[in-house]
Amino acid sequence: MDIVVKGRKTEVPERFRKHVAEKLKLEKIQKLDGKVISLDVEVSKEPNPRQADRCDRVEITLRSRGPVIRAEAAASDPYAALDLAAEKLDARLRKQHDKRFSRRGVRRISAAEVPDHVPGAATFDGNGALSAEEEQEAVPTKKIGSLEVQGEGPLVVREKTHVAAPMTLDQALYEMELVGHDFYLFVDSETKEPSVVYRRHAYDYGVIHLRTDTMVTEANSPEAGGTLGG
């Protein structure tokens, strides 16, 4: 397998191609994923002078028999962008490798064994009903954020508030790929409504738009119930 290096609207010097081969060591990659089919590196340049700090962009695409792994980064020069993208690729390869490794040798447990492996699990009698001890024990309720949670969960709630300028769909896709996430929340500059872009399969993307509808809000309101009388 060879590494294919290409430029998009820019020339790729031979020196950079050699640096790619030194940075992306095939032996190391194949140890983490032995089913690699191809490895492509694309270099592009952003002509906008306002983005001089990230004018050079490097995108690495690794195809194997499993899911496609992509890593990209932008910096003030292509060498720095390659270093950042290579670090992301290595982290994602290791994550996939650890997932595959952790699944090996895992044995399913029967329902009877659940209480022995899961602390606090409910126990049942011979008829499949909750045991008397479980019914008598009160389940505590606590507030986590704006939610009420019974027992210990499992539930982790973390609330965050971000201030963001409205952006176009293309900008949102660019930012999502830049941070390496599978989704990105943004405010659409055309509709001024919250929207989410997300990765589907390979290079396919999806977008969800939220639109405020007062009729829906009133219909779902507890005070909006009742029937029409004659």
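Data block above holds the structure.
Quick caveat, the model's predicted, so the values are computed rather than measured.

Novice: Residues and numbers for the pattern of salt bridges, please.
Specialist: All told, the structure shown has nine salt bridges when counted by the stated rule. Of the charged contacts in the structure, one is a salt bridge between Arg 57 and Glu 72, with a shortest N-O distance of 2.5 Å. Here Arg 57, found in strand β3 (residues 56-64), pairs with Glu 72, found in strand β4 (residues 69-75); they are 15 residues apart in sequence, far enough to count as distant. The salt bridge partner of Arg 70 is Glu 59, with a shortest N-O separation of 2.7 Å. With a gap of eleven residues between them, Arg 70 in strand β4 and Glu 59 in strand β3 connect regions that are remote in the sequence. Taken as a pair, Arg 70 and Glu 59 share a single burial class, namely buried. Salt bridges linked by common partners bring Lys 28, Asp 90 and Arg 94 together as one network.

Novice: Tell me about the nonpolar core, residues and numbers included.
Specialist: Counting 24 residues, the largest nonpolar core has Leu 24, Ile 29, Val 58, Ile 60, Leu 62 and Leu 89 as its most contacted members. Those elements giving two or more residues to this core turn out to be α1 (14-23), α2 (26-32), β2 (36-45), β3, β4 and α3 (78-103). No other element matches α3, which puts six residues into this core. Filtering out sequence-adjacent residues up to four positions away, Leu 89 remains in contact with Leu 24, Ile 29, Leu 39, Ile 60, Leu 62, Ile 69 and Ala 71. One finds Met 167, Ala 172, Leu 173 and Val 197 within the second-largest nonpolar core, a separate group that totals six residues.

Cut-offs applied
Residues numbered from 1 in each chain as written. Predicted model: local features only at pLDDT ≥ 70, side-chain atom pairs only at ≥ 80, totals over all residues. Heavy atoms only, no water. Salt bridge = Lys/Arg side-chain N within 4 Å of Asp/Glu carboxyl O. Helix = DSSP H or I, 4+ residues; strand = E, 2+ residues; numbered from the N terminus. Buried < 20%, exposed > 50% of the residue type's maximum accessible area, 1.4 Å probe, protein only. Core = buried A, V, L, I, M, F, W, Y, C linked by side-chain atoms within 4.5 Å. Contact = heavy atoms within 4.5 Å.

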